[in-house]
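The lines below spell out each chain.
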Amino acid sequence: MKILVPVKRVLDYNVKARVKADGSGIDLANVKMSMNPFDEIALEEAIRLKEKGNAEEIIAVSIGVQQNQETLRTALAMGADRAILVVATDDVHNDIEPLTVANILAAITLKEGPSLVLCGKQAIDNDFNATAQMLSAKLKWSQATFASEIDVREDMVRVTREVDGGLQTIDAKIPAVVSVDLRLNEPRYASLPNIMKAKRKPLEEISPAELGVEITQRLKVIKTKEPDSREAGLILENIDQLVEKIQENVGG
Amino acid sequence: MKILVLAEINNGELAEDQTSKTVSAAATLGKVDVLCASNNCSNASTNVAKMENVENVIVLEDEIFAQGLAESYSETLIDTINLYSHVFAPSSSFGKNVLPRIGGMLDVMVISDVSKVISEDTFERPVYAGNAIQTVQSVDKVKLISVRTSNYSAVPSTGSANIKKIDCIGKNPLTTFIENRMQTSDRPELTSAKVVVSGGRGVGSKENFEIIEGLADKLGAAVGASRAAVDSGFAPNDWQVGQTGKVVAPDLYVAVGISGAIQHLAGMKDSKVIVAINKDEEAPIFQVADFGLVDDLFKAVPEIEKKV
Ligand SMILES: Cc1cc2nc3c(=O)[nH]c(=O)nc-3n(C[C@H](O)[C@H](O)[C@H](O)COP(=O)(O)OP(=O)(O)OC[C@H]3O[C@@H](n4cnc5c(N)ncnc54)[C@H](O)[C@@H]3O)c2cc1C
């Protein structure tokens, strides 16, 4: 079977987001961008499924600006077989909403015919946690979110989900959309030879219009501001002082 | 404007705190109806009917709802949901699983993790692990809102809503439930506890985590953990606090052996008072802590437990 893995290019998770002075958004000029960590985990899982003989081909897709091809080269270097870039905007500050992303991915899914779409559970920039669920609805496929274990069987995939109360295991019929959580695996680093090889792997570019999808924005961003900041407090001298502070604030 | 709240009911048991705080957020716009869908709703619907500002409790019972499977839930309930202009759910694993799927079905964007309802179409929500707060205005015909419940207080139980039962036939078993491995505990729930004691990688092992649990029990607190502590197997996954774990805002948050990465802060920096214990005086956690103690946790925590 084929596996489709969408990968988003986001502000690197080690870089602190800075709000632009005019309140129009986060400053993304000249900052380090990387593959969304959750998407890396999804891709790693796809590669492991291929190594186990559960899949023949992995297609990575990225939607956004032209520079997303760097993210796709990383995906190819990790082990994706080919890549599709959908240039949906020319401004990196213009975040494409999960609903539009789901429409684009649905169109690509119909074209490419994967049996499984493995998504990160959320993008660490907009924190929506929505694309996989929306895609699954659009395709009328089964849905398994927040996976910490994935076991592909004949006509279904057994997924252990991280839920608020603990862990839940479900069987999702294939074709399925699965969103992955942090504890599923630890992604590999691309080796130098694989980075070189990735340069020759196919990377196709396609426009939203060619896929018949319109880019819409349902949520207008009116303003972006800094959160209320916390001041550093007191460093206490000893345990007794701390005990006192704890007692003052328990039940307070 | 017609407002619906999706109650979270797990296998017949109402997640009362989450549901009540979601009602509280929704009620900033007016009176609400609450949808109770589970295998057994008798207790849940009685409790929801008492929540202030609830007008009608709509009850659908079917085995298919017991485990909150997204496809069955959204397919079966879509006709009911379609009667409303605003649909709220808690931003819990239940709400995050179900609400965006409903969005996909209706071709409507979901407004996740709303920390403030400003008006019927305008909302605030944190982005970038809480490093920025965005105000967004929705142009969709229906507003689908998941609520960051730690920003709201529960509503009082002074109401008396109508309870209406609707017959239904559960649809679409695309997924089959196999099993739950839920943590059971006598401690308060992490997301609603007044006091939380959390341990990080510094705690060192699952056995050592008993030090954290001991202090928590002495304070009547819930236990939390950093991702590093969960990944290392010191603590179960449902204890994780942070961008990808739970968001808490207790009166008192005690962080022990936690460095204070932005992803951890995202889940606890709205706590009223933060106390940090760390042997490294440079640890970033001290930049957000109201009170800090630079000390070895293995020495400090048992002594604190004895003295409080
Ligand atoms: C996409 C993504 C999502 C993430 N989501 C989350 C999340 O939801 N929640 C979360 O917590 N993290 C999350 N993280 C991970 C986060 O970046 C940090 O790696 C993690 O929070 C570190 O945990 P820690 O503070 O326990 O460990 P460390 O950073 O290793 O800190 C351990 C601390 O313990 C102190 N210490 C050690 N020994 C002692 C001792 N004997 N006495 C006192 N102090 C001691 C050390 O000085 C140090 O400060 C996420 C990361 C990514 C990439």
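Here the structure is shown first, and the text comes after it.
Residues numbered from 1 in each chain as written. Chains lettered and ligands numbered in written order. Predicted model: local features only at pLDDT ≥ 70, side-chain atom pairs only at ≥ 80, totals over all residues. Heavy atoms only, no water.

Peer 1: What exactly am I supposed to notice about the interface of chain A and chain B here?
Peer 2: The extent of an interface is frequently quoted as the accessible surface area lost upon association of the parts. Each partner contributes to the interface: chain A provides 79 residues, whereas chain B provides 85 residues. For the pair chain A and chain B, the summed buried surface comes to about 7,200 Å²; carbon and sulfur atoms form 56% of the total. At the junction of chain A with chain B, the criterion picks out seven salt bridges. Measuring nitrogen to oxygen at the nearest pair gives 2.9 Å for the salt bridge that ties Arg218(A) to Asp107(B). Counting across the interface, chain A meets chain B through 48 residue pairs in polar contact (both at pLDDT 80 or more). At the level of secondary structure, the elements contributing two or more residues to the side of chain A that touches chain B comprise α3 (98-112), α4 (131-139), β7 (142-152), β8 (156-163), β9 (166-173), β12 (219-225), β13 (234-235) and α6 (239-249) of chain A. Taken together, the residues that form the side of chain A that touches chain B break down as 35 nonpolar, 21 polar and 23 charged. Where β13(A) and strand β18 (residues 291-294) of chain B come together, two bridges link them in parallel fashion. (Contact = heavy atoms within 4.5 Å. Buried area = accessible area lost by both parts, 1.4 Å probe. Salt bridge = Lys/Arg side-chain N within 4 Å of Asp/Glu carboxyl O. Polar contact = N/O pair within 3.5 Å; in protein donor to acceptor, adjacent residues only side chain to side chain. Helix = DSSP H or I, 4+ residues; strand = E, 2+ residues; numbered from the N terminus. Nonpolar A, V, L, I, M, F, W, Y, C, P; charged D, E, K, R; others polar. Pairing = 2+ DSSP bridges.)

Peer 1: Whenever I open this one, unusual backbone geometry confuses me. Can you help?
Peer 2: A negative phi angle is the norm for most residues apart from glycine, just as the trans form is the norm for most peptide bonds. Residues and elements named next belong to chain A. The omega angle of the peptide bond from Ile174 to Pro175 is 10°, so this bond is cis rather than trans. Its identity is not glycine, yet Asn30 carries a phi of approximately 55°, on the positive side. Within the secondary structure layout, Asn30 lies in the loop between β2 (9-11) and β3 (33-35).

Peer 1: For this particular structure, what's the right way to read the pairing of strand β4 (residues 57-64) of chain A?
Peer 2: Residue and element names in this part refer to chain A. With eight of eight residues buried, β4 lies mostly within the body of the structure. The sheet contact formed by strand β1 (residues 2-6) and β4 spans five bridges and is parallel. Residue pairing across strands places Pro6 opposite Val61, the latter belonging to β4. Across six bridges, β4 lies against strand β5 (residues 82-87) in parallel orientation. The partner of Ile63 across the bridge, within β5, is Val86. For the crossover from β4 across helix α2 (residues 68-78) to β5, the handedness is right-handed. (Buried < 20%, exposed > 50% of the residue type's maximum accessible area, 1.4 Å probe, protein only. Right-handed = clockwise from strand over helix to strand, strands pointing away.)

Peer 1: Teacher, can you tell me more about a nonpolar patch on the surface here?
Peer 2: All names here are of chain A. A surface patch of nonpolar side chains, amounting to about 290 Å² of accessible area, comprises Leu192, Ile195 and Met196. By secondary structure assignment, the location of Ile195 is in helix α5 (residues 192-198). Taking the relative accessible area as the measure of exposure, Ile195 reaches 35% and is therefore partly exposed. (Patch = residues over 30% accessible without salt bridge, like charges linked within 9 Å, V, L, I, M, F, W, Y side chains within 5 Å. Areas by Shrake-Rupley, 256 points an atom, 1.4 Å probe, with all protein chains shown as cover.)

Peer 1: Help me out: how do you make sense of the pattern of salt bridges in this one?
Peer 2: A side chain with one charge may pair with a side chain of the opposite charge, provided their charged atoms come close. Evaluation of the coordinates by the stated rule reveals 33 salt bridges over all chains. When the shortest N-O distance is used, the salt bridge between Glu213(B) and Arg187(B) registers 3.1 Å. Residue Glu213(B) is located in helix α5 (residues 209-219), and its partner Arg187(B) is located in the loop between β13 (175-182) and β14 (195-199); the two are separated by 26 residues in the primary sequence. For Arg187(B), a relative accessible area of 22% puts it in the partly exposed group. When salt bridges with common partners are traced through the structure, they connect Glu44(A), Arg48(A), Glu51(A) and Arg188(A) into a single cluster.

Peer 1: Which parts of the structure should I look at to understand the sheet that holds strand β16 (residues 252-256) of chain B?
Peer 2: Adjacent strands of a sheet form backbone hydrogen bonds with each other and so pair up, either parallel or antiparallel. What the six strands build is an open sheet, ordered β13(A)-β18(B)-β17(B)-β16(B)-β14(B)-β15(B); its pairing is parallel. Taken across any chain shown, the strands that pair with only one partner, and hence form the sheet edges, are β13 of chain A together with β15 (222-225) of chain B. Against the sheet, α5(B) contacts β14, β15 and β16 of chain B, and its axis sits at roughly 175° relative to β14(B). In the packing of helix α8 (residues 297-307) of chain B onto the sheet, contacts are made with β16, β17 (273-278) and β18 of chain B, and the angle to β17(B) comes to roughly 135°. (Axes fitted to C-alpha atoms, helices over the stretch in contact; angles between N-to-C directions.)

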